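Summary of structural features
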Amino acid sequence: MAALHLAVVLAGAWCAAALLLEFHRAKAFGQRRLFAPALGDPMAGVLYAFTKGMAPQAKESVRRNPLSYAAGMLYHCGLFAAFALLVLSLGGLNVHGLSLGLTFGALVGALAGLALFAKRIFKAHLRGLSCPDDFVSNLLATVFAALAGLTVFRPEIQSVWMLATCALLVYMPLGKIRHCLFFFSTRYHSGAFFGRRGVFPPGRNRA
């Protein structure tokens, strides 16, 4: 098991290094020069982008698909719980009450991921918009979360979970899962840009 733990650490190091390299390459494009006078506060736009701008009422696609929004929230919370279980496992910690709560979150998240996977397959318009990476990314993350939760009850499958973790970490910088990093940077820059333009937060009086 020690060898598998080392493999997970190495896969995590690869993942972090590759994501940072991609982030550095993205920043190499430079910063956009803005010539128009500011009509608002960039930081107010950033605050809105990370708070009310993520609420269902701020997104038409979310308002029209509330169940998918809820499933997506559960899915991501489940993945956070699964990574927390991974940290506990690698650290050799056994926090029983905390582990049970995280286990429940990971398993619920895995079910939500499976539902989103099925929706992408069976909904014709989603299937037409999808590429192989959409399916691979969902499958790797869903299996990771499911095994994280199941391992608490079946410790003998921990080696399978570690292998699934390695696969997820190795693939993460190569596919759409890299949005785990770029989500924050793009959200920040769009919030700052539209905040400066006076568009975010919406409803403010503009000159």
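Tallied over the entire structure, the rule returns 10 aromatic pairs. Between Phe194 and Phe200, the aromatic rings sit 5.4 Å apart at their centres with planes inclined by 50 degrees, giving tilted as the arrangement. One aromatic cluster in this structure is built from Tyr48, Phe193, Phe194 and Phe200.

For the rest of this paragraph, the subject is a nonpolar patch on the surface. The grouping of Leu6, Val9, Leu10 and Leu90 at the surface amounts to a nonpolar patch, some 370 Å² of accessible area in total. Residue contributions to the nonpolar patch peak at 3 residues, all from helix 1 (residues 2-27). Its location among the elements puts Leu10 in helix 1.

So, about the pattern of salt bridges. Under the counting rule described, the total for this entry stands at 4 salt bridges. The salt bridge involving Asp134 is made with Lys176; its shortest N-O contact spans 3.0 Å. Here Asp134, found in helix 7 (residues 132-153), pairs with Lys176, found in the loop between helix 8 (158-171) and helix 9 (179-196); they are 42 residues apart in sequence, far enough to count as distant. The partner of Glu156 in a salt bridge is Arg154, with the nearest N and O atoms 2.4 Å apart.

Residue position: Ser130 is located in the loop between helix 6 (124-129) and helix 7. Polar contacts involving the side chain of Ser130 include one to the side chain of Arg120, which spans 2.7 Å. For Ser130, the contacting residues outside a window of four places in its chain are Arg120 and Phe135.

Here we take up the nonpolar core. What tends to happen in soluble globular proteins is that the nonpolar side chains get buried as a cluster. If you look at the biggest cluster of nonpolar residues, it comprises 30 residues, and the most contacted ones within it are Phe144, Trp161 and Met172. At the level of elements, helix 1, helix 4 (66-90), helix 5 (96-122), helix 7 and helix 8 are the ones that each hand at least two residues to this core. The leading source of residues in this core is helix 4, at 8 residues. Setting aside residues no more than four positions away along its own chain, Trp161 makes contact with Ala82, Leu85, Leu86, Ser89, Phe144, Leu147, Ala148 and Thr151.

Mean pLDDT over the protein works out to 89, with 96% of the residues at or above the 70 mark. Here helix 3 (residues 60-64) is the element of the protein with the lowest mean pLDDT, 74, and helix 8 is the one with the highest, 95.

What counts as what
- Here the residue numbers are simple positions, counted from 1 along each chain's written sequence.
- Under the rules for a predicted model, residues below a pLDDT of 70 receive no local features and side-chain atom pairs below 80 are neither given nor counted, while totals for whole chains, interfaces and linings still include all residues.
- In computing side-chain values, all of the structure's heavy atoms are included and hydrogens and water are not.
- Planes of paired rings set the category: under 30 degrees apart is stacked, over 60 is edge-to-face and the rest tilted, where pairs are Phe, Tyr or Trp rings (Trp by its six-membered ring) whose centres lie within 6.5 Å.
- Each patch is assembled from residues with relative accessible area greater than 30% and no salt bridge, linking like charges that lie within 9 Å and nonpolar side chains (Val, Leu, Ile, Met, Phe, Trp, Tyr) that lie within 5 Å.
- Here the Shrake-Rupley method, with its probe set to 1.4 Å, supplies the accessible areas, and only the displayed protein chains count as covering residues.
- Should a side-chain nitrogen of Lys or Arg be within 4 Å of a carboxyl oxygen of Asp or Glu, the pair is scored as a salt bridge.
- Each helix corresponds to a stretch of at least 4 residues labelled H or I by DSSP, and each strand to a stretch of at least 2 residues labelled E; elements are numbered beginning at the N terminus.
- Pairs of N or O atoms within 3.5 Å make up the polar contacts considered here, provided that, within protein, one atom can donate a hydrogen while the other can accept it, and that residues adjacent in sequence are counted only when both atoms are side-chain atoms.
- Only heavy atoms matter for contacts: two residues are in contact if any of them lie within 4.5 Å across the pair.
- In plain words, nonpolar cores are sets of buried Ala, Val, Leu, Ile, Met, Phe, Trp, Tyr and Cys residues tied together by side-chain atoms within 4.5 Å.
- Throughout, exposure labels follow a simple rule: accessible area from a 1.4 Å probe, protein chains only, divided by the maximum for the residue type, with under 20% read as buried, over 50% as exposed, and the rest as partly exposed.
- Scored between 0 and 100, pLDDT is the confidence that the predictor attaches to each residue.

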